[in-house]
Amino acid sequence: MSMPSDPLVVTTSGGALTWTINLPHTGNAVSGQEFISAFESAVDAANSDITIKAVILTGAGKIFSAGGNVKDMADRQGMFGLEPIAQRHAYVDGIQRIPRALARLEVPIIAAVNGPAVGAGCDLAAMCDIRVASERASFAESFVQIGLVPGDGGTWFLQRAIGYERAAEMTLTGDRIDAGTALEWGLVSRVVPHDDLLAVTAELAARIAKNPSHTLRMAKRLLQESRTGHLESTLGMAAAMQPLAHRDPEHGERIAKWSTQ
């Protein structure tokens, strides 16, 4: 069970988890080893519990995530003080573990973006399956403004969310966009009043969680495969998964109800 001081606080409601990035003193920076390890552990725990059907990811306080720890960068602390070769390995063994962890997360994940999502924080939101924004949310792929490039896979995720041209505009200017622009560009599926954000995302997670767990996990895998795979490979995977779904007792129960409606 998570403690209030943990870098990632995990709570459960029905078949959904809420993961809260709990590092407000660093702007919910996601580059620290303690947070990354906690994040990986949360993914593995969700995958191993078949009763879990959805995850909500949000930030404590007023910020979703400011990305990397800028103070540590300025002070050349931790990985930011390493020589280039060692620093390359620190990225692979550090923040790049987050996109790899999310790539193996079997259940749908919803980003409840409660405030600024900057740099790696913007990328973290883009890694999620669905994004819901508070009216106070904003997004910035700000790496170039501090003389860096996205080191966490942001160039891969962002353009798949909003298309190459808009991703290029965000990446090459580093400029911030507000929640309304994010909605217009398709970066988020909806913008809601700030005080309603967690209730709206919880309701969305509950609607997802009404569906059979095995089916949800297979459907998410098909969505992921369809982003980068060929049609034939997706069709082959779907053909292999569908007989498993047909044999799930929950499918039998649900189809029986539908046939009598």
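Along each chain, residues carry numbers from 1 onward, in the same order as the chain's sequence is written. With the structure being a predicted model, the display of local features is reserved for residues of pLDDT at least 70 and the display and counting of side-chain atom pairs for 80 or more, all residues being used for whole-chain, interface and lining totals. For the side-chain quantities, the full set of heavy atoms in the structure was used; hydrogens and water were omitted.

S.K.: Please give an account of the packing of helix H6 (residues 154-162) against helix H7 (residues 164-173) that cites residues and values.
M.R.: For helices, the fitted line uses only the C-alpha atoms of the stretch in contact; every axis is such a line through C-alpha atoms, and the angle between N-to-C directions lies from 0 to 180 degrees. Runs of H or I in DSSP of at least four residues are treated as helices and runs of E of at least two as strands, each being numbered from the N terminus. Where H6 meets H7, the axes come as close as 7 Å, and the angle between the chain directions of the two elements is 130°. Comparing the axis directions of H6 and H7 gives the class oblique. Crossing of H6 against H7: the hand is right-handed. Facing H6, whose interface residues are Leu 158, Gln 159 and Ile 162, H7 presents Tyr 164, Arg 166, Ala 167, Met 170 and Thr 171. Lys, Arg, Asp and Glu make up the charged group, whereas Ala, Val, Leu, Ile, Met, Phe, Trp, Tyr, Cys and Pro make up the nonpolar group; the residues left over, Gly among them, are polar. In terms of residue class, the contact of H6 with H7 is made up of five nonpolar, two polar and one charged. An angle below 35 degrees is read as roughly parallel, one above 145 as roughly antiparallel, one from 65 to 115 as roughly perpendicular, and any other as oblique. Each crossing is labelled by how the near helix is turned from the far one, with a counterclockwise turn of less than a right angle marking it left-handed and a clockwise turn marking it right-handed. Any pair of residues with heavy atoms lying within 4.5 Å of one another is described as a contacting pair.

S.K.: Describe the pairing of strand S4 (residues 109-113), naming the residues involved and giving the relevant values.
M.R.: Note on classification: 1.4 Å probe, protein chains only; a residue is buried when its accessible area is under 20% of the maximum for its type, exposed when over 50%, partly exposed between these limits. Burial runs high along S4: five of the five residues are buried. Of the two faces of S4, both are covered, the one formed by Ile 109, Ala 111 and Val 113 as well as the one formed by Ile 110 and Ala 112. By definition, two strands form a pair when at least two bridges between them are found by DSSP. By the bridge criterion, three bridges tie strand S3 (residues 54-59) to S4 in an arrangement that is parallel. The partner of Leu 57 across the bridge, within S4, is Ala 111. Where S4 lies against strand S6 (residues 130-134), four bridges are found, and the strand directions are parallel.

S.K.: Can you tell me about the sheet that holds strand S8 (residues 176-178), naming the residues and giving the values?
M.R.: Strand order in the open sheet made by the three strands is S5-S7-S8, with mixed pairing throughout. Each of the sheet's edge strands pairs with one partner strand only, and the pair in question is strand S5 (116-118) and S8. Each neighbouring strand pair of the sheet contributes to a mean axis angle of 15°, computed without reference to strand direction. When S5 meets strand S7 (residues 138-140), the two strands line up parallel, connected through three bridges. By the bridge assignment for S7, Ala 117 is matched with Phe 139.

S.K.: Give me the side chain of Asn 28: which residues, what numbers.
M.R.: As for its position among the elements, Asn 28 is in the loop between strand S2 (16-21) and helix H1 (33-48). Think of a polar contact as two N or O atoms within 3.5 Å of one another; within protein, one of them needs to be a possible hydrogen donor and the other a possible acceptor, and neighboring residues in sequence only count if both atoms come from side chains. Within polar-contact distance, the side chain of Asn 28 engages the backbone oxygen of Ala 60 at 2.9 Å. The contacts of Asn 28, once residues within four sequence positions are left out, are Ile 21, Asn 22, Leu 23, Gly 59, Ala 60, Ile 63, Phe 64, Ser 65 and Ala 66.

S.K.: I'd like to hear about the domain arrangement of the protein chain, residue by residue, with values.
M.R.: Each assigned domain of the protein chain is listed with its residue range as follows: domain 1 (8-210) and domain 2 (213-258). An automatic or database domain assignment provides the domain bounds reported here. In this structure, domain 1 and domain 2 have C-alpha centres spaced 27 Å apart. With 20 residues of domain 1 in contact, the opposing surface of domain 2 contributes 10 residues. Buried area counts how much accessible surface, traced with a 1.4 Å probe, disappears from two parts once they are put together, with both parts' losses summed. Buried surface at the junction of domain 1 and domain 2, summed over both partners, amounts to about 1200 Å²; 44% is from carbon and sulfur atoms. Salt bridge criterion: a side-chain nitrogen from Lys or Arg within 4 Å of a carboxyl oxygen from Asp or Glu. Scanning the region where domain 1 abuts domain 2 turns up two salt bridges. The salt bridge partner of Arg 217 is Glu 106, with a shortest N-O separation of 2.8 Å. At the surface where domain 1 touches domain 2, the tally comes to 11 residue pairs in polar contact (both at pLDDT 80 or more). Elements with a minimum of two residues in the side of domain 1 that touches domain 2: H1, helix H4 (97-104) and H6.

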